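A closer look at the structure
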Amino acid sequence: TLPERVARDHAFTLWNLGDAGAAVPVWRRVVQLVQARRGPDHLDTLRACANLGVNLLESGEAALALEPLQRVYGALEAQPALAWVGVPMIDAALASGRVDLVRQEAPKVAAWVQRSTERASERQVSELLRLVAALADVGAFAEAEPIARSVQADAVALDGDGWLPWLARCEL
């Protein structure tokens, strides 16, 4: 509908201008509008929730970001196109001190990230290294090591002797 599109465009504009904090109430309105029209489990509703969560995280509200991000993460089996939401969810969990969530979910998120693309990309390697760093930050070295090792070969294939393989070696 027109109100949904206008609100969504407004939220994206604020976010793209670097004002995630101002975009948060607009994203909340988008979630309400889309959910009322399409239901709580519709892909558009979940995308709006994911965007709300990321904007909350970027505006410094990590604890508040967890609820919408976890909601979307819980729907990944039905909506695998939203696999990208796992990394910001782990970022929010780490920033809000949820060590248990980081330890439990980061390896699963890594598996989702690896499954979501046919071949490695710089973005995939960077996201996996963020997960490795999050696990290391909470002392989950045993969980971090296999992810770091799997990323190492992809990093070398993508970037030779560049910064990606160096970063991957640093995480080991």
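Scroll up to find the structure this text is about.
The sections below set out a description of the structure shown in this document. Since this is a predicted model, take the numbers as computed values, not measurements. (Residues numbered from 1 in each chain as written. Predicted model: local features only at pLDDT ≥ 70, side-chain atom pairs only at ≥ 80, totals over all residues. Heavy atoms only, no water.)

Regarding the nonpolar core
With 60 residues, the main nonpolar core has I90, V102, V109 and L131 as its most contacted residues. Counting residues per element, this core draws most heavily on helix α2 (residues 20-38), at nine residues. (Core = buried A, V, L, I, M, F, W, Y, C linked by side-chain atoms within 4.5 Å. Buried < 20%, exposed > 50% of the residue type's maximum accessible area, 1.4 Å probe, protein only. Helix = DSSP H or I, 4+ residues; strand = E, 2+ residues; numbered from the N terminus.)

Focus: the packing of aromatic side chains
Applying the stated criterion to the full structure yields three aromatic pairs. Judged by centre distance (6.0 Å) and plane angle (10°), the rings of F12 and W15 are stacked. With F12 and W15 both in helix α1 (residues 2-16) and three residues apart, the pair spans about one turn of that helix. Residues F12 and W27 carry aromatic rings whose centres are separated by 4.9 Å and whose planes lie at 90° to one another, so their mutual orientation is edge-to-face. On the criterion of sequence distance, the pair formed by F12 in helix α1 and W27 in helix α2 is long-range, its members being 15 residues apart. Overall, F12 belongs to the partly exposed group, its relative accessible area being 31%. Taken together, the ring pairs in this structure connect F12, W15 and W27 into an aromatic cluster. (Phe/Tyr/Trp six-rings, centres within 6.5 Å; stacked < 30°, edge-to-face > 60°.)

Some thoughts on the pattern of salt bridges
Under the definition given, this model contains nine salt bridges. Here R149 ties to E145 by a salt bridge, and the two come within 2.9 Å at their closest N and O atoms. Separated by four residues within a single helix, R149 and E145 lie in helix α8 (residues 141-159), roughly one turn from each other. (Salt bridge = Lys/Arg side-chain N within 4 Å of Asp/Glu carboxyl O.)

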